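Chain by chain, the residues:
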Amino acid sequence: MARISVVINNEYRTFALTDRGINIGRQLDNDIVLNHAIVSRHHAQIGFRGRQVWLQDLDSRNGVFVNRLRVKSEQLYDGDTVTIGPFDLAFEDRAAQSVVLDDNRYFPLQADGRTIRSTDLPVQPGDLQEFYHIGMRLNQVVGFREVLELVMDEVMRIVPAQRGFLLLRKGAELVPMVVLPAGHEEVAISSTLVRKAVEGGEAVLTRDARLDFAGSDSIISANIRSAICAPLLMHGNAIGLIVLDSPGREKFTERDRDLVAAIANQAAVAIERSRLTEELRQQGQLRQNLERFLSPNVAQALARYVSQYGTLWEAQEQLVTVLFADVKGFTSLSERMSPHEVQDLLNEYLHEMTDVIFKHQGTLDKYIGDGIMAIFGAPQLPDDPPNEHHADQAVAAALEMQAAQKRLIDKWDPSKSFSIRIGINTGTAYTGFFGTMHRLEYTAIGDMVNTASRLEAAAEPGSVFIGDDTCQMISDTFIVQEMGELHLKGKEQRVRAYKVLGKQAI
């Protein structure tokens with residue numbers, strides 16, 4: 001059903017995932033032994049929960065990462081990369097055993113070589129009720145893996161065979177997803193047979209290859225096997241195929257071939273539906289997580305990117321503008337209020353401020369008590385052009401945050417009055433994702449971030465202070481007043497600061 005691939009001591013190795021699961025760690029009693037100092041003795045485990053595959057961190061010292069995000073417990077999907085110490089383990093959701101396409105090891109014999117297109121099947125009237133019930137069963141199953149296994153169960157029930165295979169296209173490769181009966185040894189099927197079915201879009205019945213596949217040097221030494229191969233067609237293109245075979249001559253009839261081809265037609269629709277449903281579910285879950293700290297349009301773009309490429313990109317250095325906002329005197333304010341009143345006030349305030357940040361294309365980095373950190377100009381998707389207006393966006397957001405705060409104060413009781421101060425700085429920061437797929441944080445790290453925080457601490461209540469680099473980048477639509485060189489806490493050198501007075505009158 002699935003396997004893990006990893007390079008250990010310059011050797012590429014694969015491990016089939018069984019019902020027993022796979023234990024990973026430094027100690028020799030693990031299934032995958034990763035002999036490295038930062039790998040714990042028993043580091044992680046991969047196993048089944050029902051039909052799903054999950055990774056569990058076994059309280060390791062240095063953690064486990066899935067697609068560069070640290071996790072404690074995470075469901076794995078095809079193509080995920082699990083990182084433990086310096087090792088990258090590739091997870092593949094596929095049949096545990098390998099299926100090779102090799103005419104030299106397997107060649108079916110064929111009597112007449114007659115093929116039939118799966119779009120024009122002479123199905124007998126008595127089969128229609130059976131197809132109806134199969135279609136109903138397929139439509140009741142949502143999970144991608146469950147659909148694949150149900151398809152092969154139905155095929156093998158209708159047309160008994162010694163072996164059954166369901167392979168799906170993944171790029172240029174045909175990946176075995178279901179192999180019956182399940183095992184771990186490598187099995188071979190005819191590459192000629194597969195090519196004829198996939199490229200021709202035809203259901204093929206083979207009994208004696210000497211007629212239809214004459215000319216192959218392997219025929220003399222090949223095993224004599226009967227086979228049916230039916231493509232899974234969507235809009236005329238094969239997304240995969242079903243293969244049945246049994247030893248001996250003439251084990252299948254033309255009616256068997258037509259039945260398999262008809263089921264393959266139903267199966268292709270069900271498989272594509274379940275695959276799209278799974279992709280949308282993952283994209284929706286990711287987008288929901290992202291929208292907690294990104295503006296909705298950025299969250300949507302990121303969700304699409306992750307769904308397409310299966311991972312987040314590496315942390316990177318980029319030019320950004322960082323904003324810090326803080327409530328002046330919030331501690332003394334909270335002493336005069338009940339905890340419930342403090343919660344309501346803070347929630348409403350943070351909600352208003354966050355909406356303003358998102359409106360100006362900012363990214364909410366985090367809430368720090370009553371404080372807010374936001375980033376403008378990031379994240380930037382690899383294919384997107386650089387944002388040259390992030391400084392303008394940050395300053396415009398700061399002025400609107402001050403205005404929104406005043407509107408809140410006007411409608412509240414005077415005893416709840418407070419002011420906010422904002423600091424903004426522009427510069428090169430190290431930006432990236434940290435956390436898990438269920439609790440992501442996108443943050444910026446660097447000295448320019450610290451400077452933005454110090455500018456906020458130095459700002460007067462109700463004002464916006466910006467650094468020199470931000471002042472140089474903003475347009476002339478803003479009115480600023482130079483505040484001179486300030487000695488900021490934790491900074492050895494003085495920092496030139498400016499106070500934003502507002503926007504130029506139009």
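Overview of the structure.

Rules of the game
Residues numbered from 1 in each chain as written. Predicted model: local features only at pLDDT ≥ 70, side-chain atom pairs only at ≥ 80, totals over all residues. Heavy atoms only, no water. Pairing = 2+ DSSP bridges. Helix = DSSP H or I, 4+ residues; strand = E, 2+ residues; numbered from the N terminus. Salt bridge = Lys/Arg side-chain N within 4 Å of Asp/Glu carboxyl O. Buried < 20%, exposed > 50% of the residue type's maximum accessible area, 1.4 Å probe, protein only. Phe/Tyr/Trp six-rings, centres within 6.5 Å; stacked < 30°, edge-to-face > 60°. Axes fitted to C-alpha atoms, helices over the stretch in contact; angles between N-to-C directions. Parallel < 35°, antiparallel > 145°, perpendicular 65-115°, else oblique. Left-handed = near helix turned anticlockwise from the far one by under 90°. Contact = heavy atoms within 4.5 Å. Nonpolar A, V, L, I, M, F, W, Y, C, P; charged D, E, K, R; others polar.

**Notes on the sheet that holds strand E3 (residues 22–25)**
The strand order across the open sheet built from 5 strands is E4-E3-E5-E6-E9, with neighbouring strands paired in mixed fashion. One side of each edge strand has no neighbouring strand; the edge strands of this open sheet are strand E4 (32–33) and strand E9 (73–75). Relative to strand E5 (residues 44–49), E3 runs antiparallel, the two being bridged by 3 bridges. What sits directly across from Ile 22, in E5, is Ile 46.

**Focus on the pattern of salt bridges**
Under the defined criterion, the tally for this structure stands at 16 salt bridges. A salt bridge links Arg 3 to Glu 92; its shortest N-O distance comes to 2.9 Å. Of this pair, Arg 3 sits in strand E1 (residues 2–8) while Glu 92 sits in strand E11 (residues 87–93), and the two are 89 residues apart along the sequence. When its relative accessible area of 17% is taken as the criterion, Glu 92 is described as buried. Each of Asp 57, Asp 59 and Lys 72 takes part in salt bridges that share partners, so that together they form one network.

**Overview of the packing of aromatic side chains**
To describe a pair of aromatic rings, you give the distance between the ring centres and the angle between the ring planes. The final tally for this structure, using the stated rule, is 2 aromatic pairs. Ring geometry for Tyr 349 and Phe 418: centres 5.5 Å apart, planes at 90°, overall edge-to-face. With a gap of 69 residues between them, Tyr 349 in helix H8 (residues 339–359) and Phe 418 in the loop between helix H9 (390–411) and strand E23 (419–436) connect regions that are remote in the sequence. Both rings, one in Trp 412 and one in Phe 418, keep their centres 5.9 Å apart while their planes meet at 40°; by these two values the pair is tilted. For Phe 418, a relative accessible area of 8% corresponds to the buried category. An aromatic cluster is present here, built from Tyr 349, Trp 412 and Phe 418 joined pairwise through their rings.

**Focus on the sheet that holds strand E10 (residues 81–84)**
One open sheet accounts for 6 strands, arranged E2-E1-E11-E10-E7-E8; its pairing is antiparallel. Looking at strand neighbours, the two that pair on one side only are strand E2 (11–16) and strand E8 (69–71), the edges of this open sheet. Here the strands of the sheet are splayed against their neighbours by 30° on average, with no regard to which way each runs. Here 4 bridges tie E10 to E11, and the two strands are oriented antiparallel to one another. If you follow Ile 84 over to E11, its bridge partner there is Phe 87.

**Observations concerning the packing of H8 against H9**
At a minimum axis separation of 9 Å, H8 and H9 run at an interaxial angle of 150°. With respect to H9, the axis of H8 lies roughly antiparallel. In this structure, the crossing between H8 and H9 has a hand that is right-handed. On H9, the residues that touch Glu 348, Tyr 349, Glu 352, Met 353, Val 356, Ile 357 and Lys 359 of H8 are Ala 397, Glu 400, Met 401, Ala 404, Gln 405, Leu 408 and Lys 411. Among the residues forming the contact of H8 with H9, the class breakdown is 8 nonpolar, 1 polar and 5 charged.

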